[in-house]
Amino acid sequence: MIARFLRNLLSIKPSEQQEVFYLFMTLLVFSIGASFARSISMTLLVENLGGEKLPLMFIFIDLSVMIGSIAYARYTKKFNGIHILGFFLVSTALFSVIAQLLCTLTTYWWSAQNWVYGFFFVGFFFFYILISIHTGSVVASYFTAVEARRVTPIINTGIPIGGALGGGILIVLLNVFHFHPQQLILVLALACLGAFWLARIINARFKPIRASNDAQSKDQAQKNPLHDLIVAFKNIISSKLMIYMSLGLMLFVIGSKLLEYHYQTIIYFQVFPDPTRRATFFATYEVFANLAWLFIQLFFTSRILVKWSVGASNVLYPVLSAIAALALFIYFYGQGLLANSVIVMLSLGIFTQFINQEMRGALRTPANNLLFNAISPNQWGNNKAFLNGIVFPLATLIAGTFLMTITGAESLIVQIDWGFSVEQLYYLLPLIALIVSILGIFIALPQWSQYEKDMQKRLEDEFVKKILGHQVNVKGGIKEIRRVIREKLNSSNTYDVIAALDMIRILKFDLFFNQVGNLLINKKTQYFKVKKHCLQTLAALSRSNSNLKNSHLNYLLEALRIEQDAPQVLSLIIKDLTKFKSVNFNHLIEKLLTHPLPSVCVEACLYLHQNPKYMHKQLIEKKIIASFDKAELSQNMPLYLYALGELRLSHYSDTVLPFLESDNPEVRLAALTAFIRLHEAELESQKARLLKVLESPDNEMKILALRALKNCKPLKYWAPVIQLLGTRDRRLIKESQELLQLNMGVCKSALIDALSSDKISVQQRFEIMLLIYHFLSNKQQQDLQKGADETLRKFVQVNGLLKFYESLGYDSKAAHILIKILQEMAEYHLDHILIVITFAAKEDRDFFQKVSNGLKSSNRANQGNALEVLSNLGKKSLVNRLLKFFDERFVTLQSVRRIYFALYGKPVKMDKNHYKAQLQALNNDMLNACLLYIRENI
Amino acid sequence: MIPLEKIIVLSQVALFSMLKTEELNTISTIAIETSYEDGDTLFSKDEMVEKLFIVVSGEVMIFKADQEKPMATVKENDFVGELSLFNTSPHITSARCSGKCRFLIIKHKDMERLIDEYPAIAVGFIKVLISRMRDMIESQN
């Protein structure tokens, strides 16, 4: 019961307990040793080298960390995260043994060798910083993005608890057992070896789900550190998120240093002028601040991260920092009101220090670490090294130089170089910190949205990325496009010319009209496709600009004259001439009725038949009908069917009908086209035949029928059209959607009914939602949500039955099929839920597909990324419940029972007496067949 | 063989492992069950047999021209006759039953339609062919 209470309180799932415990213990044990070393190294340094050497030591630490970070970035790609942690811990242990030896030698024999204390101080902080950087990656690698958000703050409590414990033990050892500080350096070695032992247990028992080292990275790791640094820099400048993180870090460091300088040297110096009282205050502050940090870390951090999302949580710290800076500024600028109020000044100092130090550990660091979820794990090492090894020291340098310049000296007592008085500095520093914090907020906002975008990107399949990655970037504007067209139009490459003609047509560039016309009538242009594109382009341009009609006609007539020997082009020219009904070219076209090529002959017939001034139309009809007798078995049958259709006389319908049943798909298609053309004016009467075509296996025929149905009155039954939304042919789906859209008023209820069915495919559901979601009332949208909630219950139940059936261990071939069916059913239900979530969140198909693939993936890292993307939608009820389901690692029957109870507040009935009836109730024919087969074969 | 048994067989063939049960059901309707006796020839070298043979039970020996020793043995849940599906030229090997064999046979024309409808089958083919090529290279080494 206590365990469950703690679990609920600390947001840990039973399946995560073990990993959380060992990682927590590793941090705790290391922190005990680190706490010892921190206090001892500082004491020994100040005592033996003097406090004035501190800035120099900090520079040494920063430099060594910078170099170490480069090596770290290199090896994170080569080795597993836990192995690197082990290496750091053993190295630290070894270092502390050497340091202990040197200190002992210095104490008893080498009294003049004070550099030893500096060596210990710098060396310890070097390892401490690297381990601190790396533990975040180690923790993250054992959990999915969503789990990490929940458990990281809890695991990190190991640090303050270890620190407090270490501090407490140190006080006892120094004051009760009267040890000297230099005798206790070995404690660090012992703690590191203890943490190393725990790391080995972690390595043996658990498998990381997000590895930073992969095959590709191992190849990269062969390159030199400089290359790694360049790669990291390129990563950062090519990733918006990393740019925001770098800028955010710089602003944080600068703001933080300014505030720290303010409360340490201005506030506390004024409140506690006596050094002993000041030291007592610091000790008291440390006790309470650490407890408060622990409290926040335990009970608030993970809840804030889960409730607000990672992006939003990262805005919180600069906001708090800005509030602290604003408070300091108001107090020191308006001194008249609360002049020299010690209590107010001290409260402000404590408040600022708490935000600057404790909230940094409790909130900024975990939230900032989680931003790495949106970055490929094999880039974690490089990027972290760059941020901590380059950006951080650089920001420290900027802040330090700025402080030195603005204060003008080491002491505040003297006048400032820039002409600022000490009093002015009191409010100027908070003012600058306020500006820096506000800038931090401005950086954190786009960082938030970029994180969510990058999380979605993480779901993208590399393959898809490669295909979609090529985006055309047209620079230089319209002039540049015209230059390219002119160049391509004169090219000797046929495909360049065709591309130029297409561009002229699409962009309606009239100025190229004559150039295209000349290309058409140029005898050197021989390639049919070029001529065809010229004709299409001229027609399109003259359609959009009536002034060009005469020129168009002239070019056609000239082409008709010169293309007598090119029958393919000739038929296209005749077709274009048909559009000029007011001009009589009958004498010219009549000559072509005897042309040997059927396509020319047919176009000539159609031209004459459609010309109002032509008197012998019946002769033309007879000529076309006569060609059917000769063409029964010829390949020209589609052409003659086309010709008959273009006559648009319904009494020829009987001639066409037999060809609708032809074995040749081309003939069938031409017959249907002709049939539709013949009945163009009275398609309503042919609706039944068109609906029958929708059942044919030929997609082209279905497309034609759908187009024809658009010209009919609305259908009574929409099921055949709705059915087509589930096909693979996108053109067919588009035509079906257009027909449904056209009749939305009538078919809406049929579409809504279809949505409530479990018989439609996932694709159908998505397409229907695309069509009608925006037409639904609020109540109807809520009903959809309720339906999806019910589907979630089915999803959990099917998963439960799946786990239960697997646990029975039937080794039958039909049992494998049964399990496969259940898995497919679960996936179907999941997709139903995700579709509703996608539309409710106003997301698109891409989002749905990525999240769906991610959640169905057997790779837990992918699943975690999908969950993170989902959770970024906000805590909508349905999303929340789905996340609850995936929060559990759904591997045992026990977890099924737990999640069902958590979601529905009642136990799920799943035992040997009920499961068969429950399987049968799923109402799946194949599943029932499997059950029957298993029963008969056991 | 009842339809469910056909589905069970098809689900165990690497070629169709990525398909959903509904899709397997569709394929089962066009797959014809046939039995062959020991020594029966499924196809000979230079012969045009446009069928895919899925082995339900038994073994099929594949022979190179005029060689007595089989170059490969195809067992349960595997298939033969796929090469002529992608290359309309006649078979370059012979296939003979070793013992009594049962097959599910799919005509190439139907198979082409299936590949068109379910591209996952094409991916399955690629995987199986690559795996066979790898085995062949390894056995030569």
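- Going by what an unreviewed UniProt entry lists, chain B is known as Cyclic nucleotide-binding domain-containing protein and is assigned to Candidatus Thiomargarita nelsonii.

- The name an unreviewed UniProt entry gives chain A is ADP,ATP carrier protein, with Candidatus Thiomargarita nelsonii as the organism.

Structural notes on helix α24 (residues 598-610) of chain A
Item 1. For α24 of chain A, spanning 13 residues, the distance from its first C-alpha to its last is 18 Å, which sits close to the expected 18 Å at 1.5 Å a residue.
Item 2. Counting buried positions along α24 of chain A gives ten out of 13 residues, so the element sits mostly inside the fold.

Here we look at unusual backbone geometry
Item 1. Look at Arg648 of chain A: it is not a glycine, yet its phi comes out positive at around 55°.
Item 2. Along the chain, Arg648 of chain A falls in the loop between α26 (637-647) and α27 (653-656).
Item 3. We classify Arg648 of chain A as partly exposed; its relative accessible area is 39%.
Item 4. Positive phi outside glycine occurs at Asn77 of chain B, with the angle close to 70°.
Item 5. Among the structural elements, Asn77 of chain B can be located in the loop between β4 (72-74) and β5 (79-80).

Notes on a nonpolar patch on the surface
Residues and elements named next belong to chain A.
Item 1. Together, Leu94, Ile98, Tyr108, Trp109, Trp110, Trp115 and Phe119 make up an exposed nonpolar region whose accessible area comes to about 830 Å².
Item 2. Looking at the nonpolar patch, the elements with two or more residues in it are α4 (81-108) and α5 (115-141).
Item 3. Within the element layout of this structure, Trp115 appears in helix α5.

Some remarks on the pairing of strand β6 (residues 94-107) of chain B
Residues and elements named next belong to chain B.
Item 1. Here strand β1 (residues 32-36) pairs with β6 via five bridges, running antiparallel. Counterpart to Ile32 in the pairing with β6 is Ile105.
Item 2. Bridge count between strand β2 (residues 41-43) and β6: two bridges; the pairing is antiparallel. By the bridge assignment for β6, Phe43 is matched with Ala95.
Item 3. Note that strand β3 (residues 51-63) and β6 share eleven bridges and pair antiparallel. Its bridge partner lying in β6, Leu52 is registered against Ile106.

So, the confidence of the model for chain A
Residues and elements named next belong to chain A.
Item 1. Of the residues in chain A, 87% have a pLDDT of 70 or more, and the chain-wide mean is 80.
Item 2. The spread of mean pLDDT over the elements of chain A runs between helix α16 (residues 462-468), the lowest at 35, and helix α34 (residues 762-772), the highest at 93.
Item 3. For the stretch residues 214-222, pLDDT sits under 50, and the model shows 15 contacts to residues farther than four places along the chain or on other chains.
Item 4. Across residues 461-475 the pLDDT falls below 50, and counting only partners more than four positions away or on other chains, this stretch makes three contacts in the model.

Some thoughts on the environment of Lys748 of chain A
Item 1. Mapping Lys748 of chain A onto the fold places it in helix α33 (residues 744-755).
Item 2. Apart from residues lying up to four places away in sequence, Lys748 of chain A is in contact with Phe775, Leu776 and Gln780 of chain A.

Quick look at the packing of aromatic side chains
Item 1. In this structure the tally under the stated criterion is 35 aromatic pairs over all chains.
Item 2. Both rings, one in Phe252 of chain A and one in Tyr317 of chain A, keep their centres 5.5 Å apart while their planes meet at 70°; by these two values the pair is edge-to-face. One end of the pair, Phe252 of chain A, is in helix α11 (residues 240-271); the other, Tyr317 of chain A, is in helix α12 (residues 275-333), with 65 residues separating them in the sequence.
Item 3. One aromatic cluster is present, formed by Phe95, Trp115, Phe119, Phe120, Phe126 and Phe127 of chain A through successive ring pairs.
Item 4. When the ring centre of Phe63 of chain B is taken as reference, the NZ or CZ atom of Arg96 of chain B above it lies at 4.3 Å.
Item 5. It is Arg132 of chain B that lies over the ring of Phe79 of chain B; its NZ or CZ is 4.6 Å from the centre.

Calculation notes
- Residues numbered from 1 in each chain as written.
- Chains lettered and ligands numbered in written order.
- Predicted model: local features only at pLDDT ≥ 70, side-chain atom pairs only at ≥ 80, totals over all residues.
- Heavy atoms only, no water.
- Helix = DSSP H or I, 4+ residues; strand = E, 2+ residues; numbered from the N terminus.
- Expected span 1.5 Å × (residues − 1).
- Buried < 20%, exposed > 50% of the residue type's maximum accessible area, 1.4 Å probe, protein only.
- Patch = residues over 30% accessible without salt bridge, like charges linked within 9 Å, V, L, I, M, F, W, Y side chains within 5 Å.
- Areas by Shrake-Rupley, 256 points an atom, 1.4 Å probe, with all protein chains shown as cover.
- Salt bridge = Lys/Arg side-chain N within 4 Å of Asp/Glu carboxyl O.
- Pairing = 2+ DSSP bridges.
- pLDDT = per-residue confidence, 0-100.
- Contact = heavy atoms within 4.5 Å.
- Phe/Tyr/Trp six-rings, centres within 6.5 Å; stacked < 30°, edge-to-face > 60°.
- Lys NZ or Arg CZ within 6 Å of the ring centre and 35° of its normal.

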